[in-house]
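# Close look at the chain arrangement
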Amino acid sequence: MPSNHNSIKTRFTYRFARSLKKLNKNRPASQSMKETYRRYHMIRVASYASMASAVGPKRAWSRAVLWKIRNRTLHRTLMKKSRIHVLRTRKVSGNPNDLRKLVPGGEGMDFCRLLNETAHYIKCLRTQVQIMKNIVDHCSN
């Protein structure tokens, strides 16, 4: 675990580990394909929620992620549509509107702020992946 107790990485690790512990308490004995997908989705949501809450409300993308998670029943249909749209349009052109669609909360931002939020979001996603790899490595040994 990182030595700086106030770092985003430390806060994310603590929150994500706590979320995983809660998810494992409710784990059913048998694992059907549907149940496996449901758990995958719950872990994914826990990961995004942990990262966004570790960053706090100072970033637009973290506020947008937390808002979407809190209101996810309203957004499930929209998320499915946007996921289909993103899968269809993997190639991103140089248009800032494409970037606005990829960064949570990016709509309506001026270009400079959008780039700043994007850089921070990428940094946090890298941290998220690193922590998740460490968890997998630790559990595999």
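In this report, we go over the structure that sits alongside the text.

Rules used throughout
Residues numbered from 1 in each chain as written. Predicted model: local features only at pLDDT ≥ 70, side-chain atom pairs only at ≥ 80, totals over all residues. Heavy atoms only, no water. Helix = DSSP H or I, 4+ residues; strand = E, 2+ residues; numbered from the N terminus. Contact = heavy atoms within 4.5 Å. Areas by Shrake-Rupley, 256 points an atom, 1.4 Å probe, with all protein chains shown as cover. Buried < 20%, exposed > 50% of the residue type's maximum accessible area, 1.4 Å probe, protein only. 1 Å grid on protein atoms, 1.4 Å probe; cavity = no way out; pocket = protein on both sides within 12 Å on 5 of 7 lines; lining within 4 Å. Points joined across faces, edges and corners; volume = space filled by probe spheres on them. Nonpolar A, V, L, I, M, F, W, Y, C, P; charged D, E, K, R; others polar.

Further remarks concern the overall build of the protein chain. Helix and strand counts for the protein chain come out as six helices and zero strands. Secondary structure elements of the protein chain occur, N-terminal to C-terminal, as α-α-α-α-α-α. If you take every contact in the protein chain between residues at least 6 apart in sequence, the share linking residues at least 24 apart comes to 55%. If you sum the accessible surface of the protein chain, you get close to 10,100 Å²; carbon and sulfur atoms cover 58% of it.

Structurally, the position occupied by Glu117 is in helix 6 (residues 111-140). We classify Glu117 as buried; its relative accessible area is 3%. With near-sequence residues (within four places) excluded, Glu117 lies in contact with Arg59, Ala60, Trp61 and Met109.

This part is about the layout of surface pockets. Its boundaries defined by the atoms lining it, the second largest pocket holds a volume of some 300 Å³. Forming the boundary of the second largest pocket are 13 residues, of which Ser19, Lys22, Met42, Ala46 and Ala49 lie nearest the centre. The set of elements that each furnish at least two residues to the lining of the second largest pocket consists of helix 1 (8-25) and helix 2 (33-55). With six residues, the top contributor of residues to the lining of the second largest pocket is helix 2. Its residues assigned to classes, the lining of the second largest pocket shows six nonpolar, three polar and four charged.

Tracing the chain through its elements places Met42 in helix 2. Note on Met42: relative accessible area 28%, which makes it partly exposed. Met42 sits 23 residues away from Ser19 along the chain, and the two C-alpha atoms are 9.5 Å apart.

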